Structure formats: C-alpha cells, structure tokens
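Residues per chain, in single letters:
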Amino acid sequence: MIRIFDDPTSVAVAAAGLFAEAAAAAMQSKGSFYAALSGGSTPRRLYEELAKQPWRDKIAWEKVFLFWGDERYVAPTDPLSNQKMTREALLNHVPIPPANLFPIPFAASAGESASLYETTLRTFFGAEPRFDLMLLGLGADGHTASLFPGTAALAETNRWVCPCRPQGTGPDRITLTFPVINRSAAILFLVTGRDKAPVIEAVLDKKNNQAALPVQQVQPVQGQITWFLDKMAAGHLSPATGS
Ligand SMILES: O=C(O)[C@H](O)[C@@H](O)[C@H](O)[C@H](O)COP(=O)(O)O
C-alpha cells in the first residue's frame, strides 16, 4: 500500500496511528508487540508523536519490546547514535520498562557489536526472527537500514546482523540483514523530502534502469509493505501508483 500525505508532520501523525494499531493487534493476538526502529529524520518525528497524547497513555508500553534496525558504530551518547535520538524523542517520555529495550551495543568493534546483537536477537526470538513491525527509511542512493549499495551485507543469507562500512565518510554501521527484515509481519517505510523523489520513482514506478537498489531486496516472505510518503518524495510518481 502507498499513501501520500501533504507534509512530513502528517506522515508522522499517520505513522503513529499505524504503530499504535499494530501494537494493539499484536498484543491482542499474542500479548506483546515487537518493533524494530529506524534512524532518520522522518522516524524522529514519528517518535515525537508517539511520546505525546493520546499515544503516551493509550499504548500499553509495558507490552512493547523495541529493537533497532541499524546503528552507527558510536557511543550511545554520541549525537549520531540512533539509540540516543530515540531515547530523546520517545523513550524518555513513555513508561516503557528498560528491560523491554534492546539497543545495538557499542562493543570493541562494529563486528563485535553485530555479533553481540545477533546473540541478543537469537536468544529473544529463537529459531526465527519475527518482528510485528519493522520501520525503515530510504536513502537517496537506495539504501535502507544500513544496507548500502555495493556492500557485502546485501548478500548475507545466514547472519541476522552485520557490520558494514558505507562509502565516503562517517562511522561504520551495524545493520539487520534481509533474512531478518523479510521475516517481519509488517514493514513501514517512512520517506519524505524532494531528494527522495527519483529513488521513490525508481522503486515504486519500477523505472529503474540502473543496477538493482538495496531497498528492492525488501521482499517479505509473508508480511505486508506499507509506504508512507510526503508529496515531495512522491513528486515523480505516476498518478496510477500513488493514492
Ligand atoms: O539511521 C539511519 O540513518 C537509517 O539507517 C537510514 O537508513 C535512514 O533511514 C535513511 O538514510 C533515510 O534517512 P532520512 O529519513 O533522514 O532521510
């Protein structure tokens, strides 16, 4: 499903509603809700929405279990940390038990952080990872989570978590891999801004004549993909694709 909203704030408000609905449905069927969080500017707005009413009081936060889809290899106090962003925007403001939070650890190396997180996930989920909701963003280069073009992590079939080194500057990353992402019950992409219009057109209007983009490997085994876009990101889509 593709939904197009006027602006990033409307995307975040709608995403908060979807998050709350997915949480209520999972809690009703199995008593808990497992979500993987994304970094990025649009998710931050979503987290700020969830920290406000009605969601702060309406969501049964003690039954919410939060994981991170990717992280920069930096200390959790670093301004680049997705964990720090999420704590500031959401977690410091809602009654979620600390034991329900599973941030990506900052270990001796990005590789060690990834393998520790893999152990955490395997201990929690057992044989098969199954997130009720996976939040994802999309980079202008087609990356999602920290699965960047041309990196070995794209071909991973066994490991659930990988370290990776994006091209250019910036810290190493730790990312969930496609075998985990594609076992999610639901995936929600939040994409806003004019700079995303070409990549959104390539992915959703399938006008991609270049090499395959990482995001095109998001193909859930059973789950649903929902795209929440703002008008700017949807600017190059044909009218038949958007709604
Ligand atoms: O932590 C991150 O930055 C995410 O891993 C990354 O995949 C992000 O979601 C996209 O780059 C889009 O980011 P924006 O929403 O900020 O454009």
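Rules behind the numbers
- Residues numbered from 1 in each chain as written.
- Predicted model: local features only at pLDDT ≥ 70, side-chain atom pairs only at ≥ 80, totals over all residues.
- Heavy atoms only, no water.
- UniProt positions renumbered as here; feature names shortened; annotations may be inferred.
- Near = heavy atom within 4 Å.
- Polar contact = N/O pair within 3.5 Å; in protein donor to acceptor, adjacent residues only side chain to side chain.
- Areas by Shrake-Rupley, 256 points an atom, 1.4 Å probe, with all protein chains shown as cover.
- Helix = DSSP H or I, 4+ residues; strand = E, 2+ residues; numbered from the N terminus.
- Nonpolar A, V, L, I, M, F, W, Y, C, P; charged D, E, K, R; others polar.
- Disulfide = S-S within 2.5 Å.
- Buried < 20%, exposed > 50% of the residue type's maximum accessible area, 1.4 Å probe, protein only.
- Salt bridge = Lys/Arg side-chain N within 4 Å of Asp/Glu carboxyl O.
- Pairing = 2+ DSSP bridges.
- Phe/Tyr/Trp six-rings, centres within 6.5 Å; stacked < 30°, edge-to-face > 60°.
- Contact = heavy atoms within 4.5 Å.

Looking at an unreviewed UniProt entry, the protein chain carries the name 6-phosphogluconolactonase, with the source organism given as Propionispora hippei DSM 15287. Taken directly from UniProt, the Function (unreviewed entry) text for the protein chain runs: "Hydrolysis of 6-phosphogluconolactone to 6-phosphogluconate."

Asks: Help me out: how do you make sense of the site of the ligand in this one?
Replies: Taken together, 15 residues form the shell around the ligand, and within it Ser41, Asp70, His143, Ala145 and Lys196 come nearest. In this structure, Gly39 approaches the ligand through a main-chain N or O atom, which is 3.3 Å from an oxygen atom. Within the side chain of Asn82, a nitrogen or oxygen atom sits 2.9 Å from an oxygen atom of the ligand. In isolation the ligand has 410 Å² of accessible area, and contact with the protein removes 85% of it. Mapped by element, the contributors of at least two residues to the shell around the ligand are helix H2 (41-50) and strand E4 (70-72). Among the residues forming the shell around the ligand, the class breakdown is 2 nonpolar, 9 polar and 4 charged.

Asks: Would you mind showing me how to read the state of the cysteines here?
Replies: When the sulfur atoms of two cysteines share a covalent bond, that bond is a disulfide. Using the criterion set out here, one finds 0 disulfides in the structure. Summary of cysteine pairing: Cys162 is not part of a disulfide, and the nearest cysteine sulfur, belonging to Cys164, is at 7.8 Å. Classification of Cys164 as buried rests on a relative accessible area of 8%.

Asks: Hey, could you run me through unusual backbone geometry in this one?
Replies: Excluding glycine, residues mostly have negative phi values, and the peptide bonds linking residues are mostly trans. Geometrically, the link from Gln53 to Pro54 is a cis peptide bond, its omega value of 5 degrees lying close to zero. Turning to its location among the elements, Pro54 is positioned in the loop between H2 and helix H3 (55-58).

Asks: What am I meant to see in the pattern of salt bridges here?
Replies: Under the definition given, this model contains 9 salt bridges. A salt bridge links Glu49 to Lys52, with the shortest nitrogen-to-oxygen separation between them at 3.0 Å. For Lys52, a relative accessible area of 44% gives the class partly exposed. A salt bridge links Glu156 to Arg159; the nearest nitrogen and oxygen atoms lie 3.3 Å apart. For Glu156, a relative accessible area of 16% translates into the label buried.

Asks: Any chance you could explain the sheet that holds strand E10 (residues 224-230) here in plain terms?
Replies: Strands belonging to one sheet form pairs held by backbone hydrogen bonds; the direction of such a pair is parallel or antiparallel. In space, the 7 strands of this open sheet follow the order E1-E10-E9-E6-E2-E3-E5, with parallel pairing throughout. For this open sheet the edge positions go to strand E1 (2-5) and strand E5 (101-102), each flanked by a neighbour on one side alone. Relative to strand E3 (residues 64-68), strand E2 (residues 33-37) runs parallel, the two being bridged by 5 bridges. Opposite Phe33, over in E3, you have Val64 as the bridge partner.

Asks: Sorry, what's going on with the packing of aromatic side chains here?
Replies: Aromatic rings considered in pairs are described by the distance between their centres and by the relative angle of their planes. Under the criterion given, the structure shown has 16 aromatic pairs. For the pair Phe5 and Phe228, a centre-to-centre distance of 5.1 Å together with 65 degrees between the ring planes defines the contact as edge-to-face. Placement of Phe5 in strand E1 and of Phe228 in strand E10 is noted, with a sequence separation of 223 residues between them. Judged by relative accessible area, which is 10%, Phe5 ranks as buried.

Asks: Where do I start with the side chain of Arg173 in this structure?
Replies: Along the chain, the position of Arg173 falls in strand E8 (residues 173-176). Within polar-contact distance, the side chain of Arg173 engages the side chain of Ser146 at 3.1 Å. Beyond its immediate sequence surroundings of up to four residues, Arg173 is in contact with Asp70, Glu71, Arg72, Tyr73, Ala110, Ser146, Phe148, Cys162, Pro163, Cys164 and Pro166.

Asks: Looking at this structure, I do not really get the environment of Ala12. What am I missing?
Replies: Summarising the element assignment, Ala12 is placed in helix H1 (residues 8-30). Along the sequence, Ala12 and Thr77 sit 65 residues apart, while their C-alpha atoms lie 25 Å from each other. Beyond its immediate chain neighbours, meaning those up to four positions away, Ala12 contacts Arg45, Leu46 and Glu49.

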